[in-house]
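Secondary and tertiary structure notes
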Amino acid sequence: MDFQATIDADGRIEPRDAMPDGYRKTLIRQIAQHAHSEIIGMQPEGNWISRAPSLRRKAILMAKVQDEAGHGLYLYAAAETLGVDRADLLDLLHSGRQKYSSIFNYPTLTWADIGAIGWLVDGAAIVNQVPLCRCSYGPYARAMVRVCKEESFHQRQGFEILYTLCNGTPEQKAMAQDALDRWWWPSLMMFGPPDTASTHSEQSMAWGIKRHSNDELRQRFVDMTVPQADVLGLRVPDDGLVYEDGHYRFTEPDYTELYDVVKGNGPCNQGRLAHRVKAHEDGAWVREAAAAYAAKKEARAA
Ligand code: 3HC
């Protein structure tokens, strides 16, 4: 079946199928940036593994950060089915020619931030990634099914951290409120610019890559999250929030901040990229050893 007929029938495009260059290009763009986000996203949380308040919290956080590495690997593998090499994608990330989600350019100042990231950032990721399980490109959709199963654990453990703090001392509750105040707006920005300013949405939706618009998913996230903040006894930092006809009307985020952070002017952009490049360089010996072993094995087999 030809490409458009497959898309029209809501079918799956597989790596060996004929596809428009633009379809391949936008998928490489999105999947690569998604993979980069997973890998860079390990840093803000990784900073707290050695400072987790208990062995249980440390074990959970280690498992989550390891999961994110795995999500990155699934996604680099999905991108490689489109004919790109992950080493080239990493070069594009390290040289600033490809980016990662704005959300990972904010600092994790207290332990409550680790709860806010699990609850809000992974919560937003679930809202964004569940529809991607139905993406028209097979390898991306299948990678998302596995990722979403693990995200649910990520979101629950974050919520549990905040629930514990909110039912602890007044200082602990205040720490949770401070984290919500700092992570709320950047989490809304994760869904991208407003639909009126989205450059890719129309074509991505026509190709069945994007199933819902940025604003639709942002609204879905707010509707899901505000009642959870009520259970925590925390106040969402939006004076314009009001429940009306089954939805929470909310104040639009300041998108100039999103564009500024994407441009590289967020609180942590330089540090995140420098840390990533150093980790890549420090790991060169592992790649060289693996390549030498593979070459020797191949020579023996020949
Ligand atoms: N951060 C960085 N760049 C962003 C952004 C954000 N929050 N939101 C939008 N952009 C960029 C887009 O990449 C695009 O720029 P580009 O042409 O250079 O790629 C531009 O802003 C215009 O935005 P569009 O809405 O037109 O772009 P998309 O159609 O690609 O929609 C998206 C943006 C919704 C983020 C979409 O790319 C997407 O769904 N990506 C897959 C999911 C993803 O990457 N999530 C990031 C977080 S991963 C995560 O949270 C992991 C969890 O385990 C913690």
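Calculation criteria
Residue numbers run consecutively from 1 along every chain, following the written order of its sequence. Reporting in this predicted model follows two pLDDT cut-offs: at least 70 for local features of residues, and 80 or more for side-chain atom pairs to be given and counted; totals over whole chains, interfaces and linings ignore these cut-offs and use all residues. Hydrogen atoms and water are omitted, and side-chain values are computed over all heavy atoms in the structure. A 1.4 Å probe that fits but cannot get out identifies a cavity on a 1 Å grid over protein atoms alone, an open set with protein on both sides within 12 Å along at least five of seven lines counts as a pocket, and a residue lines either if it has an atom within 4 Å of a point. Grid points are joined across faces, edges and corners, and a volume is the space filled by probe spheres set on the points. The way it works is that DSSP assigns letters per residue, a run of H or I at least four long becomes a helix, a run of E at least two long becomes a strand, and they are numbered from the N terminus. Charged means Asp, Glu, Lys or Arg here, nonpolar means Ala, Val, Leu, Ile, Met, Phe, Trp, Tyr, Cys or Pro, and polar covers whatever is left, Gly included. Only protein chains enter the calculation, and the probe is 1.4 Å; a residue is then buried if its accessible area is under 20% of its type maximum, exposed if over 50%, and partly exposed in between. For the purposes of these results, a polar contact is taken to be a pair of N or O atoms within 3.5 Å, where, inside protein, one atom must be able to donate a hydrogen and its partner to accept one; residues adjacent in sequence count only when each atom of the pair is a side-chain atom. In this description, contact between two residues means that some pair of their heavy atoms is separated by no more than 4.5 Å. Working definition of a nonpolar core: buried Ala, Val, Leu, Ile, Met, Phe, Trp, Tyr and Cys residues. They are joined through side-chain atoms within 4.5 Å. If a single non-hydrogen atom of a residue is within 4 Å of a molecule or strand, that residue counts as near it. Per-residue accessibility takes into account occlusion by the displayed protein chains alone, with areas from the Shrake-Rupley method and a 1.4 Å probe. Throughout, a molecule is located in a cavity or pocket provided that more than half of its atoms lie within 2 Å of its grid points. Fitting a line to C-alpha atoms yields each axis, with helices limited to the stretch in contact; the angle taken between N-to-C directions then spans 0 to 180 degrees. In this scheme the handedness of a crossing depends on how the near helix is turned from the far one: anticlockwise by less than a right angle means left-handed, clockwise means right-handed. Residues scored as positive are Lys and Arg, those scored as negative are Asp and Glu, and His as well as the terminal groups of each chain are ignored. Counted as salt bridges are all cases of a side-chain nitrogen of Lys or Arg within 4 Å of a carboxyl oxygen of Asp or Glu.

In this approach the atoms are scanned with a rolling probe the size of a water molecule, which exposes any empty space left behind. Of the voids in this model, the largest pocket is the one considered here, and its volume is about 1,200 Å³. Every residue lining the largest pocket is counted, 46 residues in all, and those nearest its centre are Q33, S101, M190, F191 and G192. Of all the secondary-structure elements, those providing two or more residues to the lining of the largest pocket are α2 (21-40), α4 (55-80), α6 (111-132), α7 (138-166), α10 (214-232) and α11 (255-265). Ranked by residue count, the leading element in the lining of the largest pocket is α6, at nine residues. Across the lining of the largest pocket, the residue classes break down as 19 nonpolar, 16 polar and 11 charged. As for the second largest pocket, its lining consists of 16 residues, and the residues nearest its centre are I39, M42, R276, A279 and H280. For the lining of the second largest pocket, the secondary structure elements donating two or more residues are α3 (42-46), α4, α5 (86-94) and α12 (269-282).

Turning our eyes to something else, we now look at the side chain of S213. Its location among the elements puts S213 in the loop between α9 (201-206) and α10. Take S213: its relative accessible area is 8%, and that puts it in the buried class. At a separation of 3.1 Å, a polar atom in the side chain of S213 contacts the main-chain amide nitrogen of E216. Aside from chain neighbours lying at most four places away, what touches S213 is D195 and M205.

Turning next to the nonpolar core. Within the largest apolar cluster, 76 residues are counted, with the highest numbers of intra-cluster contacts made by Y23, L27, I31, Y137, Y140, W183 and W184. Examining the composition of this core, we find that 11 residues originate from one element, α6, more than from any other.

A positive phi angle is found at D10, which is not glycine, with a value near 60 degrees. Inspection of the secondary structure assignment puts D10 in the loop between α1 (3-8) and α2. For D245, which is not glycine, the phi dihedral falls at a positive 45 degrees. Looking at where D245 falls in the secondary structure, it is placed in the loop between β1 (242-244) and β2 (247-249).

Neighbouring the ligand are 31 residues, the closest being K99, E151, H200, K210 and N214. Here S198 contributes a side-chain N or O atom positioned 2.9 Å from an oxygen atom of the ligand. In the model, an oxygen atom of the ligand is placed 2.8 Å from a nitrogen or oxygen of the N214 side chain. Expressed as a share of its isolated accessible area of 1,000 Å², the protein-covered part of the ligand is 87%. Under a 2 Å grid-point criterion requiring more than half of the atoms, the pocket assigned to the ligand is the largest pocket. At the level of secondary structure, the elements contributing two or more residues to the shell around the ligand comprise α2, α6, α7 and α11.

Attention now moves to the packing of α6 against helix α8 (residues 170-189). One way to put it is that α6 packs onto α8 with a least axis distance of 9 Å and a crossing angle of 30 degrees. Both α6 and α8 take part in a crossing whose hand is right-handed. Between α6 and α8, the contacting residues are A112, D113, A116, I117, W119, L120, V121 and A124 on the first element and M175, A176, A179, L180, R182, W183, W184 and S187 on the second. Looking at the contact of α6 with α8 residue by residue, the class counts come to 13 nonpolar, one polar and two charged.

With respect to the helices and strands, R272 occurs in helix α12. One buried charged residue, R272, forms no salt bridge at all, with the nearest opposite charge on D113 at 8.5 Å. Among the polar contacts made by the side chain of R272, one reaches the main-chain carbonyl oxygen of Y106 at a distance of 2.9 Å.

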